[in-house]
Amino acid sequence: HEIRENNPPKDVYLFNSTRKRMTTIIKAASELSKDGAYNLHCKGAPEILMDLCSWKMNQDMNLTTLESQDRVAMTEVVNKMASQGLRTLMLCYRSNIEAMHEEDHGHVV
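Residues numbered from 1 in each chain as written. Predicted model: local features only at pLDDT ≥ 70, side-chain atom pairs only at ≥ 80, totals over all residues. Heavy atoms only, no water.

Caption draft 1: Region of the structure containing the sheet that holds strand β2 (residues 21-27). Spatially, the four strands line up as an open sheet ordered β1-β2-β3-β6, and their pairing is antiparallel. In the strand order of this sheet, the two ends are held by β1 (9-13) and β6 (90-97), each with one partner. Strand-to-strand twist in this sheet, taken as the mean axis angle between neighbours without regard to direction, amounts to 15°. Judged from the four bridges that link them, β1 and β2 form a sheet pairing that is antiparallel. The residue bridging D11 from the neighbouring strand is I25, located in β2. (Pairing = 2+ DSSP bridges. Helix = DSSP H or I, 4+ residues; strand = E, 2+ residues; numbered from the N terminus. Axes fitted to C-alpha atoms, helices over the stretch in contact; angles between N-to-C directions.)

What follows is the structure, given as structure tokens:
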């Protein structure tokens, strides 16, 4: 709650059936961030967001390239869950962006 109070969203793009994702853009709070930088956070349909991602975060919180075999493996997991009647969401982010418009930001992690 305190984090949200201290870093209110600069822009929010609500989920809709066309975009199949929700995006929030907040001021970057890390000392590693450039002045005036923002972070973009997305949640939404894996089949949509996966195409926007270039990297993946592993269990140790390290970034590695998102390879085609990773995409296949993730799609298999999503499809298996869907066949069991479960809904899935993918979470993505992009750090240190300078503009505040979602459509300007191409790839996310």
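On we go.
Caption draft 2: Region of the structure containing a nonpolar patch on the surface. Judged by side-chain polarity, W55, M57, M61 and L63 come together as a nonpolar surface patch covering roughly 410 Å² of accessible area. Positionally, M57 belongs in strand β4 (residues 55-57). (Patch = residues over 30% accessible without salt bridge, like charges linked within 9 Å, V, L, I, M, F, W, Y side chains within 5 Å. Areas by Shrake-Rupley, 256 points an atom, 1.4 Å probe, with all protein chains shown as cover. Salt bridge = Lys/Arg side-chain N within 4 Å of Asp/Glu carboxyl O.)

Caption draft 3: Examining the nonpolar core more closely. By size, the foremost hydrophobic cluster in this structure holds twelve residues: Y13, I25, Y38, L40, C42, L49, M50, C53, L66, M90, C92 and I97. Listed by contribution, the elements that provide at least two residues to this core are β3 (38-44) and β6. (Core = buried A, V, L, I, M, F, W, Y, C linked by side-chain atoms within 4.5 Å. Buried < 20%, exposed > 50% of the residue type's maximum accessible area, 1.4 Å probe, protein only.)

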